[in-house]
Amino acid sequence: MGLGGGMERLIDGHKRFLAEVFPGRRDQFHLLAEGQAPEWLFITCSDSRVVPDLILGTGPGDLFITRNAGNVVPIASHDVDGVTATIEYAVEVLKVKSAILCGHSDCGALKAALDREALEKLPKAHRWLHHVEAAFSHRQPLNPADGEHAELASLIRGNVVAQWMNLKTQPSVARAVAEGRLTVHAWYYDILSGKIEQYDESMRRFLPLVG
Ligand SMILES: [Zn+2]
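The notes below deal with the structure included here. (Residues numbered from 1 in each chain as written. Predicted model: local features only at pLDDT ≥ 70, side-chain atom pairs only at ≥ 80, totals over all residues. Heavy atoms only, no water.)

Some details on the overall build of the protein chain
Link 1 in the chain: Scanning the protein chain from N- to C-terminus turns up eight helices and six strands.
Link 2 in the chain: Tracing the protein chain from N to C terminus, the helices and strands come up as α-α-β-α-β-α-β-α-α-α-α-β-β-β.
Link 3 in the chain: Scaling as 2.2 N^0.38, a compact globule of 211 residues should have a C-alpha radius of gyration of about 17 Å, and the protein chain matches this with 19 Å.
Link 4 in the chain: By principal-axis analysis of the C-alpha atoms, the protein chain measures approximately 50 × 50 × 40 Å.
Link 5 in the chain: Within the protein chain, buried positions represent 36% of all 211 residues.
Link 6 in the chain: Pairs at least 24 apart in sequence give 61% of the contacts found in the protein chain among residues at least 6 apart.
Link 7 in the chain: Surface exposure of the protein chain reaches about 12600 Å², of which carbon and sulfur atoms provide 57%.
Link 8 in the chain: Across the protein chain, the mean location of the 22 positive side-chain charges is 1 Å away from that of the 26 negative side-chain charges. (Helix = DSSP H or I, 4+ residues; strand = E, 2+ residues; numbered from the N terminus. Rg over C-alpha atoms; globule rule 2.2 N^0.38 Å. Buried < 20%, exposed > 50% of the residue type's maximum accessible area, 1.4 Å probe, protein only. Contact = heavy atoms within 4.5 Å. Areas by Shrake-Rupley, 256 points an atom, 1.4 Å probe, with all protein chains shown as cover. Lys, Arg positive; Asp, Glu negative; His and termini not counted. Charge placed at Lys NZ, Arg CZ, Asp CG, Glu CD.)

Below, the structure written as structure tokens:
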């Protein structure tokens, strides 16, 4: 019986995992079955092209991840949402040592922010993307290396800075940073080159993560 929806590919993949991957890592999964102690909180976009474990060489148990359209961290307020609840849990309970906010090139959320008409039939996305409007006031200098996408890339980097600032004002994060038990980082991942840039707060610009 066909499953439709392209499910066969996922089921084949899971069969390969059970046959070829899991047996060799049984001990690791045995430990992980008892609990997690991730060192990093990773906040990124839902975009399918951002694969943290692939670009960082991490695996099960390493990254505590929350993802949403536009790698948004809502401004600290009395409202509750999935992102800020996840951040609080990561910092207060899991006691991650670093929090990383990672945006990426060609981000659809920022494209939509530039072309709001495209969101007319998407009431939820339309409201959600109000969160990225701060990107416009944190736009970064145009980088010639981004070619024809320089304008969008400067806005995406601006959004990384804006969301990173929101992250730092989350009460649990602010407390942990003040007590010296958490560092907070802002990254931009370029899909085409594969390279990550990190925002340097003192220089107020993005620099290559790897020199
Ligand atoms: Zn995105």
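A short note on the coordination of the zinc ion
Link 1 in the chain: Coordination of the zinc ion by the protein is provided by Cys 45 (SG), His 104 (NE2) and Cys 107 (SG), with metal-donor distances spanning 2.0 to 2.3 Å.
Link 2 in the chain: Donor residues binding the zinc ion come from one chain and are separated in sequence as C-x58-H-x2-C. Placement of the pair is Cys 45 in strand β1 (residues 40-45) and His 104 in strand β3 (residues 98-104), with a sequence separation of 59 residues.
Link 3 in the chain: With relative accessibility at 5%, the residue Cys 45 sits in the buried group. (Donors = N, O, S within 2.8 Å, 3.2 Å for Na, K, Ca; no water.)

Observations concerning the sheet that holds strand β2 (residues 63-68)
Strand-to-strand pairing in sheets goes through backbone hydrogen bonds, with the strands running parallel or antiparallel.
Link 1 in the chain: Spatial strand order, β2-β1-β3-β4-β5-β6: six strands in an open sheet with mixed pairing. Here the strands that pair on one side only, and so sit at the sheet edges, are β2 and β6 (205-208). Taking the axes of each pair of neighbouring strands and ignoring which way they run, one obtains an average angle of 30° across the sheet.
Link 2 in the chain: Sheet topology note: the β1/β3 ladder contains five bridges and is parallel. Residue Ile 43 lies in a different strand from β3, and its bridge partner there is Leu 101.
Link 3 in the chain: Packed on one face of the sheet, helix α7 (residues 150-169) meets β1, β3, β4 (183-189), β5 (196-200) and β6 and runs near 165° to β4. (Pairing = 2+ DSSP bridges. Axes fitted to C-alpha atoms, helices over the stretch in contact; angles between N-to-C directions.)

Brief notes about the pairing of β1
Link 1 in the chain: A large share of β1 lies buried, amounting to five of its six residues.
Link 2 in the chain: Inspection of the sheet shows β1 paired to β2 by six bridges, in the parallel sense. Its bridge partner being in β2, Leu 41 is matched across the sheet by Phe 64.

Thoughts on the layout of surface pockets
Link 1 in the chain: Put simply, the largest pocket is a space of about 540 Å³.
Link 2 in the chain: For the largest pocket, the lining is made up of 23 residues, of which Asp 146, Arg 157, Tyr 188, Asp 190 and Glu 197 are closest to its centre.
Link 3 in the chain: Of all elements in the fold, only α7 and β6 reach the threshold of two or more residues within the lining of the largest pocket.
Link 4 in the chain: In terms of residues, the lining of the largest pocket owes the most to one element, β6, which gives four residues.
Link 5 in the chain: By residue class, the composition of the lining of the largest pocket is ten nonpolar, five polar and eight charged. (1 Å grid on protein atoms, 1.4 Å probe; cavity = no way out; pocket = protein on both sides within 12 Å on 5 of 7 lines; lining within 4 Å. Points joined across faces, edges and corners; volume = space filled by probe spheres on them. Nonpolar A, V, L, I, M, F, W, Y, C, P; charged D, E, K, R; others polar.)

Some details on the side chain of Asp 190
Link 1 in the chain: Looking at where Asp 190 falls in the secondary structure, it is placed in the loop between β4 and β5.
Link 2 in the chain: Put simply, Asp 190 is tucked away with no salt bridge, and the nearest opposite charge, on Arg 157, sits 5.9 Å away.
Link 3 in the chain: Engagement of the side chain of Asp 190 in a polar contact is seen with the backbone nitrogen of Ser 193, the distance being 2.8 Å.
Link 4 in the chain: Those residues within four positions of Asp 190 in sequence are excluded, and the remaining contacts are Ser 105, Asp 146 and Lys 195. (Salt bridge = Lys/Arg side-chain N within 4 Å of Asp/Glu carboxyl O. Polar contact = N/O pair within 3.5 Å; in protein donor to acceptor, adjacent residues only side chain to side chain.)

Describing the pairing of β4
Link 1 in the chain: Along β4, five of the seven residues are buried, which leaves the element largely enclosed by surrounding structure.
Link 2 in the chain: With three bridges joining them, β4 and β5 adopt antiparallel strand pairing. Bridge assignment links Trp 187 to a residue of β5, and that residue is Gln 198.
Link 3 in the chain: What sits between the antiparallel neighbours β4 and β5 is a turn of six residues, in which Gly 194 has the positive phi angle 80°.

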